[in-house]
Amino acid sequence: MITKTHQIEPRNWVAIHADYLYTYAITRINDEEQARDLVQETFLAALEKVDKFEGKSSERTWLTAILKYKIIDVYRKKSSGLVINADVQRAEQEQSDFFEPEDGHWTSEHSPITFGIDEHDPLVNKEFNSILQKCLQKLPALWLSIFTMKHMDDQTTDIICSELKVTQSNFWVIIHRTKLNLRACLQKNWI
Amino acid sequence: MGPLKKITHNCHKATFLIEKKLIGRITLREEIELKIHLFGCSICRVYQHQTKKIAEMVRQLFSDALNTEKHLDETFKKDLQDRIEDELDKN
């Protein structure tokens, strides 16, 4: 008989993996209740396919893969429908006067200027991080999803585009717009 | 305006190329256009410096968040455990 490399024991899941999965979810969707629900859904979905677990990866890796799928589902739902138009429009509006319409030059009002971004003082960094978090939360759901997948999970552009159903060219436009707003938000709130 | 002149004056295009270059690839032609633009535009040089820094800070923020384990409350865990046991006993 061939013994499996990895065993599966659902009765131990909560004790061993619940906090890990919760942390994984909440850092990506920033909503406690939704993160909790996702952990529960992950375990229940996993129970249904326990017999398909082949032991090729560890129990944790396997559970995380299921959760990851569910998170992308949340991203998709958040960024489709009516709300998307409103939040994207608002964000696009914010940067509508960053550049001169005729030649694309920075407008004087919105030109980047140096600000305390290079400080290495941990206290300053702490304050900066809290501004950064607020600025991230102001981004439209779709933009934040794309940005998070890229910067947290280092997902390839191809994967992000196919999972969130955006074209490559739209992807680059969104990355550009996200950074324009994020940088402007930091400058505005720091100075 | 010729295409070269266009990029040397266009900060919107230049910042787009800066972002694309940061996480993807730009063509050799775009690379040259961007170099020329940055040579003559101090505002975009500030932008380039800051946007790189922001990407680093965001990555750091995300990895710090991942490394600080959050805890589910015990009641929720207990309910979840019961639910799993129930499902297992069904079969």
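Every value quoted in this text rests on a predicted model; they were computed, and no experiment measured them.

Participant: Just give me the short version of the overall build of chain A, but keep the residues and values in it.
Facilitator: The helix and strand tally for chain A stands at 8 helices and 0 strands. A compact globule built from 191 residues should have a C-alpha radius of gyration of about 16 Å, whereas chain A, at 21 Å, is more than 25% larger. In terms of overall dimensions, chain A has a C-alpha envelope of 75 × 40 × 30 Å along the principal axes. Within the span of chain A, comprising 191 residues, buried residues form 49% of the whole. Taking all contacts inside chain A whose residues are at least 6 apart in sequence as the whole, residues at least 24 apart take part in 69%. In chain A, which carries 23 positive and 28 negative side-chain charges, the distance between the mean positions of the two groups comes to 6 Å.

Participant: How would you sum up the interface of chain A and chain B? Please name residues and give values.
Facilitator: Each partner contributes to the interface: chain A provides 54 residues, whereas chain B provides 44 residues. Both sides together, the interface formed by chain A and chain B hides about 4800 Å², and carbon and sulfur atoms give 71% of it. Across the contact surface, chain A and chain B share 6 salt bridges. The residue Arg 59 of chain B makes a salt bridge to Asp 154 of chain A at a minimum N-O spacing of 3.0 Å. Counting the contacts that link chain A with chain B gives 16 residue pairs in polar contact (both at pLDDT 80 or more).

Participant: Describe the nonpolar core, listing the residues and the values that go with them.
Facilitator: Core analysis: the biggest nonpolar cluster contains 80 residues, and Phe 43, Leu 136, Ile 146, Phe 171 and Leu 182 of chain A have the highest contact counts within it. Two domains each put at least three residues into this core: domain 1 (10-77) and domain 2 (82-190) of chain A. Not counting residues within four places of it along the chain, the set of residues in contact with Leu 136 of chain A comprises Leu 144, Phe 147 and Leu 182 of chain A together with Leu 61 and Phe 62 of chain B.

Participant: I'd like to hear about a nonpolar patch on the surface, residue by residue, with values.
Facilitator: Residues and elements named next belong to chain B. A cluster of nonpolar side chains, contributed by Leu 28, Ile 32 and Ile 36, occupies part of the molecular surface with about 290 Å² of accessible area. By the secondary structure assignment, Ile 36 is in helix 3 (residues 28-40). Using a relative accessible area of 35% as the deciding quantity, one classes Ile 36 as partly exposed.

Participant: Tell me about unusual backbone geometry, residues and numbers included.
Facilitator: All names here are of chain A. Located in the positive-phi region is Asp 154, a residue other than glycine, with phi close to 50°. When you line up the elements, Asp 154 lands in the loop between helix 6 (141-151) and helix 7 (157-164). Even without a glycine there, the phi angle at Lys 165 is positive, about 55°. Take Lys 165: it is sitting in the loop between helix 7 and helix 8 (168-190). Residue Lys 165 is classed as exposed on the basis of its relative accessible area of 63%.

Quick notes on the rules
- Numbers given for residues are sequential positions, taken from 1 along each chain in its written order.
- Chain A is the first chain written and ligand 1 is the first ligand written, with later ones labelled in order.
- Given that the model is predicted, a residue must reach a pLDDT of at least 70 before its local features are reported, and side-chain atom pairs must reach 80 or more before they are shown or counted; all residues, however, enter totals for whole chains, interfaces and linings.
- As a convention, hydrogens and water are excluded, and side-chain values are obtained from all of the structure's heavy atoms.
- Secondary structure is summarised from DSSP: a helix means a run of H or I of at least four residues, a strand means a run of E of at least two, and numbering begins at the N terminus for each.
- For the radius of gyration, the atom set is restricted to C-alpha positions; the globular benchmark scales as 2.2 Å times the number of residues to the power 0.38.
- Burial classes follow relative accessibility: with a 1.4 Å probe on protein chains only, a residue under 20% of its type's maximum area counts as buried, one over 50% as exposed, and anything between as partly exposed.
- Residues are treated as being in contact if the distance between any of their heavy atoms lies within 4.5 Å.
- Counting rule applied: Lys, Arg positive; Asp, Glu negative; His and chain ends not counted.
- Here the site of a charge means atom NZ of a Lys, CZ of an Arg, CG of an Asp or CD of a Glu.
- In this description, buried area is defined as the sum, over both parts, of the accessible area (probe of 1.4 Å) that is lost when the two are combined.
- Any Lys or Arg side-chain nitrogen found within 4 Å of a carboxyl oxygen on Asp or Glu counts as a salt bridge.
- Two N or O atoms count as a polar contact when they lie within 3.5 Å, although within protein this holds only if one can serve as hydrogen donor and the other as acceptor, and sequence-adjacent residues are included solely when both atoms are side-chain atoms.
- Nonpolar core, defined: a set of buried Ala, Val, Leu, Ile, Met, Phe, Trp, Tyr and Cys residues in which side-chain atoms within 4.5 Å join the residues together.
- Per the annotation, domain bounds derive from an automatic or database assignment of domains.
- Any residue with relative accessible area above 30% and no salt bridge may belong to a patch, with like charges joined within 9 Å and the nonpolar Val, Leu, Ile, Met, Phe, Trp and Tyr side chains within 5 Å.
- For every accessible area listed, the method is Shrake-Rupley and the probe measures 1.4 Å; residues are considered covered only by the protein chains on display.

Keep in mind these values describe shape, not function.
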